[in-house]
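Summary of the model geometry
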Amino acid sequence: MRRNVRPAPALAAVGDTPLTALPGCGPRVAEKLAARGLHCLQDLWLQLPRQYEDRTRLTRIADLQPGVAAQVEGRVEAVERGFRYRPVLRVALDDGSRATLVLRFFHFRAAQVAQFVPGARLRCYGTPRPGQNGLEIVHPSYRVIGDDEAADLGDALDPVYPALEGIGAASLRRLIGLALDRLPDDSALELVPGDLRDAARLPDGSMLPSLREALVAVHRPGRDQDVSLLLAGTHPAQRRLALEELLAHHLSLRRQRIAQQAHAAPVLDRFELADRLQRALPFDLTAAQGRVFDQVAADVGQPTPMLRLVQGDVGSGKTVVAALAALLAVASNRQAALMAPTELLAEQHLANLRAWLEPLGVRVAWLAGKVTGRARRQALEAVASGEAQVVVGTHALMQAGVAFHDLALAIVDEQHRFGVHQRLALRDKGAVAPGGPGLPGDAIVPHQLVMTATPIPRTLAMSAYADLDVSAIDELPPGRTPVQTVVLNAGRRPALVERIREACAEGRQAYWVCTLIDDSDEVVAQAAQTTFEELGTQLPGVRVGLVHGRLKAAEKQATMAAFKRGEIDLLVATTVIEVGVDVPNASLMVIENAERLGLAQLHQLRGRVGRGREASTCVLVYQAPLSATARARLETMRETCDGFLIAEKDLELRGPGELLGTRQTGVAGFRVADLARDADLLPQVHALAGRLLADHPAIAERIVQRWVGGAARYASA
Ligand code: ADP
Ligand code: MG
C-alpha cells in the first residue's frame, strides 16, 4: 500500500523532540518534567486533562448557582481590606444583574490590591459558595480587562491537568499548549498503519478518529462538546487513545514473552516421582487438577521455557499440582523452587512439601528472611551444591547471594502479591549463561509456573498476563459444602458471641478476624490483642488463641499448629491468615469491619472455611452507615462463593488498577485506558497486536515506546 511506503523512523520525529525546544522550558524545568516521566513533546500530548473549565460563556451574577463553577464579568463595586484572624481582601463585583458577588482573597500582594479599583472591569472564574452577603468565590482566577479591549470568549474549553509537583498549573498548561501547537498532521503522527486503522472499529461500530483529532478533542474540546462524555472517559476521542494505549501495553507483554521464549529451557520429561506421589496421596486428583498438571507437564517437556499461570479458587488444590510439577524437575536431577509471599504461607507449603516429598527421598530446603546465621549458611550451601532438590521460601529466595545449582522450575504462589520483576528475578536465578541480566538468546532459563487464587476476569487476564499461558483449576475437591454467608450489623455482636459459644461447645472451630482502617501492623495487632482479651472474658471455657503480624514466627506457628490440632477453639487473627491457611475443621468465620475490606480479600478470608465436610458459615460484621460500594460488596459476598463472579464484580466496583495492584503487571498506570471501562476494546487490541507483530515489528516497537516508554519501566523497580 502506498501509505505504508513512508519510512517509519520519520513518523514521530516531532513527537520525540525534547521539551527544551519549547520556549520557556529551560534545563531546570525540563529536569522537573523528566522526573515525572515527561521527556519529549509526545509525552505532553499524552498528558491528558482531568477536568475542564468552561470559559467560553459568561454567566450573570444573578444566575450563579452555589457549587457550580462559572465565569462572570463585572465591575468592582467596593473593596474592603480587613483582618479577622488573618488578612482578608473582599472585592464586590456588580454586573448589573441586581446581585452582588464577593471575591475573597486570603493571600494577596500589594500589586493585586492596586488592580481592584472601583470601576475596574474584571472577568473571573470559580465556584461560588454561599457567603455572608450572597454568593462569594474564594480565590477565583481572574483578569482585569481594559475598557477598550474586545475580550473574546474563545471557543474551546480550558483543560485542567493533573497537578505535577514542582510545576505550577499555569506553566504546565502553557507548555502543553505549546506542545499541542506543534502537533503534526496525522501522516506524521499515526503509528498504526493506515490499512489496519481503516479496518479497525470501536465497539459501537464507528471508525477510529485519527490520533490528531483525538488529541485535539481531548485537550481542546469545543464549547459544544459533551463534557460529560469526556469526564466519563467514554468520548470516541478517548476510546481511540485508550485503544492505542492498551495496544502498546499488550504489545509490550507479548514482546516480553517472545523474548523469553527465545531462550532454551531444560526438558523435564521423567514422571516416575510424580507418579509415586500421586499413588501415595490420600485422595485422587480432581479432573481439573489432572488437566492442569498435564498442561504443565507438556510445557516443561519442551526445550523452551514454560510461562504458565494457574488460576484456581481458594481451596481448589493448587499446592499438590505445584508439588507434582516440582517432582518433574527433581526426577530429571534438577532443582525446583517454590516462592510464597508471606512467611506463614511459605511455612505451610514447606510442611506440605516435606510431608509429600520426603517419603520419596526428596530433600526439601527452607529459606526465609528469618532463617539466619548457621542455618542460613547451610541452606545456601545446600541450594548451591544441588543437595537441596526443592527449595521453599519467601522472597528471600530472590536475594543476591542465593545461587542455585541447577534451577529448572520456578514456582511462584499467589502471583498477585508479587510483581513481574520479582517473578523475573527468580527466573534469572536459574540462568546458566554468563550473560547476566541481558540474558543472551542462548541462555538456559528455568520454566515458570505462577499460581494465583485471585481469579482474574478473562479479559483482564488476557491483558495483564499476555506474557503467560493461563490454566484454570475450576473445580473444588469433592465433599465441600458452600459457605453460607451472613451480613450482620456490629450492634448485634452479643448475639454473635453467644452463637460462637454454642458452636465451640459442639466441637466446631472458628476464626475471628480483626481489621482496621489503619493497617499498620502495630495498630491492628493491638486491636486483635484487645479483641482476644474481650472474647476470652466473654467466653469462659472456650480456648481462644491469637495470631497477628507482630508475633514471633515461632509463636504464630505454634498457635496455628495448636489450632490445626484442635487444641484451640477460637482463633483471633488479623488478615495474616488471609492467604493459604488450611484448617479443615474450622467451619465458622467472623470478619469484623468487613465493610472496609475489598472483595478479593473477603473472598480469600472466607476461603479459610468450607474446607471440611461440615457446613460452614461466614459472618460479615459491619459498622453502619454503609457506603453504596461497601453495601454492594457485602451483597456480592452474600450471594455467591464463585471466585470468578466475585472477581468480575470487583473489577466493576473498583477497577483493574486496584485489582492487580499498581506495581505488578505493567498494566496499571495507564494514562487514558481503564480496563474496567475499556475491556470491550480488548478483542480489537488483540487482533491489531497480532497483525503488527507479524507484519510490522518495528512499528510495534515504536508504539510501545510511545506509550510505555520502552524497557526502562520494566528494568527499574
Ligand atoms: P489452594 O488452591 O487454595 O492453594 P490447597 O492446595 O491449599 O488449595 O488445597 C486445599 C486443601 O485441599 C488441602 O488440604 C489439600 O490437601 C486438599 N486437596 C487438594 N486436592 C485435593 C483433592 N483432589 N481431593 C481432596 N482434597 C484435596
Ligand atoms: Mg494455596
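Predicted model, so just to flag it, every value in this text is computed and none were measured.

**A word on the overall build of the protein chain**
Tallying secondary structure elements over the protein chain gives 27 helices and 22 strands in all. Per-residue burial over the protein chain gives 53% buried out of 717 residues. A separation threshold of at least 6 residues defines the contact pool for the protein chain, and within that pool the share at least 24 residues apart is 76%. Surface accessibility of the protein chain: about 31300 Å² in total, with carbon and sulfur atoms responsible for 51%.

**A look at the pairing of strand β4 (residues 100-105)**
Of all the 6 residues making up β4, 5 are buried; the element is thus mostly covered by neighbouring parts of the structure. Taking the residues between adjacent antiparallel strands as the criterion, strand β3 (residues 86-94) and β4 are bridged by 5 residues, where Gly 96 takes a positive phi near 80 degrees. Here 3 bridges tie β4 to strand β7 (residues 134-138), and the two strands are oriented parallel to one another. Looking at the pairing, Val 102 lines up with Glu 136 of β7.

**A short note on the environment of Gly 566**
Relative to the elements of secondary structure, Gly 566 occurs in the loop between α19 (553-564) and β20 (570-573). Of the residues examined, Gly 566 reaches a relative accessible area of 27% and is grouped as partly exposed. Sequence-wise, Gly 566 and Arg 508 are 58 residues apart; in three dimensions their C-alpha atoms are separated by 9.0 Å. In this structure Gly 566 touches Gln 509 and Arg 543, once residues within four positions along its chain are discounted.

**Overview of the sheet that holds strand β12 (residues 364-367)**
With parallel pairing, 7 strands are arranged side by side in an open sheet as β12-β13-β11-β14-β15-β10-β16. Each edge of the open sheet is held by one strand with a lone partner, namely β12 and β16 (469-473). Here the average twist between neighbouring strands, direction ignored, is 20 degrees. Where β12 and strand β13 (residues 390-393) come together, 4 bridges link them in parallel fashion. Bridge pairing links Leu 367 to Gly 393 in β13.

**Quick notes on the packing of aromatic side chains**
Using the criterion set out here, one finds 4 aromatic pairs in the structure. Each member of the aromatic cluster is reached from another via a ring pair, and the members are Phe 105, Phe 116 and Tyr 142. For Arg 55, the ring lying beneath its charged end belongs to Tyr 125, and the centroid distance is 4.4 Å.

**Regarding the site of ligand 1**
Surveying the vicinity of ligand 1 reveals 16 residues, the closest of which are Asp 284, Gly 315, Lys 318, Thr 319 and Asp 582. The contact in question runs from an oxygen atom of ligand 1 to an N or O atom on the backbone of Gly 315, over 2.6 Å. Interatomic distance of 3.5 Å between a backbone N/O atom of Ser 316 and an oxygen atom of ligand 1. Burial of ligand 1 by the surrounding chains reaches 84%, relative to a free accessible area of 560 Å². The class makeup of the residues in the shell around ligand 1 is 4 nonpolar, 6 polar and 6 charged.

**Overview of the nonpolar core**
Core analysis: the largest hydrophobic core is formed by 61 residues, its most contacted members being Leu 33, Leu 241, Leu 247, Leu 251 and Ile 703. Contributions of two or more residues to this core are made by α1 (27-35), α2 (41-45), α4 (169-181), α7 (211-219), α9 (236-260), α25 (682-695) and α26 (697-708). For this core, the element with the highest residue contribution is α9, accounting for 8 residues. Residue contacts for Ile 703: discarding those within four places in its chain leaves Leu 191, Val 192, Glu 244, Leu 247, Ala 248, Leu 251 and Leu 692. With 49 residues, the next largest nonpolar core counts Val 321, Leu 327, Trp 356 and Val 362 among its residues.

**Digging into the pattern of salt bridges**
Under the criterion given, the structure shown has 31 salt bridges. Measuring nitrogen to oxygen at the nearest pair gives 2.8 Å for the salt bridge that ties Arg 543 to Asp 569. You can see Arg 543 sitting in the loop between α18 (521-538) and β19 (544-547) and its partner Asp 569 sitting in the loop between α19 and β20, a full 26 residues away along the chain.

**A closer look at α4**
Between its terminal C-alpha atoms α4 stretches 18 Å, which fits the 18 Å expected from 13 residues at 1.5 Å a residue. All buried positions along α4 are accounted for by Leu 172, Leu 175, Ile 176, Gly 177, Ala 179 and Leu 180. Among the structural elements, α1, α2 and α7 are those in contact with the buried residues of α4.

**Remarks on the packing of α7 against α9**
Packed helix pairs are specified by the crossing angle of their axes together with the interaxial distance, meaning the distance between the axes. In contact at an axis separation of 8 Å, α7 and α9 are set at 120 degrees when each is read in the N-to-C sense. Judged by the inter-axis angle, α7 sits oblique to α9. Remark: the crossing between α7 and α9 carries left-handed chirality. Contacts between α7 and α9 involve Leu 211, Ala 214, Leu 215, Ala 217 and Val 218 from the former and Ala 237, Gln 238, Arg 240, Leu 241 and Glu 244 from the latter. Considering only residue class, the contact of α7 with α9 consists of 7 nonpolar, 1 polar and 2 charged.

**Remarks on the packing of α9 against α26**
Direction vectors running N to C along α9 and α26 enclose 115 degrees, while the axes themselves pass 8 Å from each other. One element, α9, and the other, α26, form an angle in the roughly perpendicular class. α9 and α26 meet at a crossing whose hand is left-handed. The residues of α26 that touch α9, namely those facing Leu 241, Glu 244, Glu 245, Leu 247, Ala 248, His 249, Leu 251, Ser 252 and Arg 255, are Ala 700, Glu 701, Ile 703, Val 704, Arg 706, Trp 707 and Val 708.

**Things to note about the sheet that holds strand β2 (residues 70-84)**
Strand order in this open sheet of 7 strands is β6-β7-β4-β3-β2-β5-β8, and the pairing throughout is mixed. A strand with exactly one partner marks an edge of an open sheet, and here the two such strands are β6 (129-131) and β8 (141-145). The average angle at which neighbouring strand axes cross in this sheet is 45 degrees, direction not considered. Note that β3 and β4 share 6 bridges and pair antiparallel. Looking at the pairing, Asp 94 lines up with Thr 100 of β4.

**Some remarks on the side chain of Glu 347**
As for its placement among the helices and strands, Glu 347 is situated in helix α13 (residues 343-357). Aside from chain neighbours lying at most four places away, what touches Glu 347 is Trp 366, Lys 370, Ala 553 and Gln 557.

**What about the environment of Ala 34?**
Mapped onto the elements, Ala 34 comes out in helix α1. You can call Ala 34 partly exposed: its relative accessible area is 31%. Sequence spacing of Ala 34 and Leu 19 is 15 residues, and the spatial spacing of their C-alpha atoms is 9.1 Å.

The rules behind the values
- Residues numbered from 1 in each chain as written.
- Chains lettered and ligands numbered in written order.
- Predicted model: local features only at pLDDT ≥ 70, side-chain atom pairs only at ≥ 80, totals over all residues.
- Heavy atoms only, no water.
- Helix = DSSP H or I, 4+ residues; strand = E, 2+ residues; numbered from the N terminus.
- Buried < 20%, exposed > 50% of the residue type's maximum accessible area, 1.4 Å probe, protein only.
- Contact = heavy atoms within 4.5 Å.
- Areas by Shrake-Rupley, 256 points an atom, 1.4 Å probe, with all protein chains shown as cover.
- Pairing = 2+ DSSP bridges.
- Axes fitted to C-alpha atoms, helices over the stretch in contact; angles between N-to-C directions.
- Phe/Tyr/Trp six-rings, centres within 6.5 Å; stacked < 30°, edge-to-face > 60°.
- Lys NZ or Arg CZ within 6 Å of the ring centre and 35° of its normal.
- Near = heavy atom within 4 Å.
- Polar contact = N/O pair within 3.5 Å; in protein donor to acceptor, adjacent residues only side chain to side chain.
- Nonpolar A, V, L, I, M, F, W, Y, C, P; charged D, E, K, R; others polar.
- Core = buried A, V, L, I, M, F, W, Y, C linked by side-chain atoms within 4.5 Å.
- Salt bridge = Lys/Arg side-chain N within 4 Å of Asp/Glu carboxyl O.
- Expected span 1.5 Å × (residues − 1).
- Parallel < 35°, antiparallel > 145°, perpendicular 65-115°, else oblique.
- Left-handed = near helix turned anticlockwise from the far one by under 90°.

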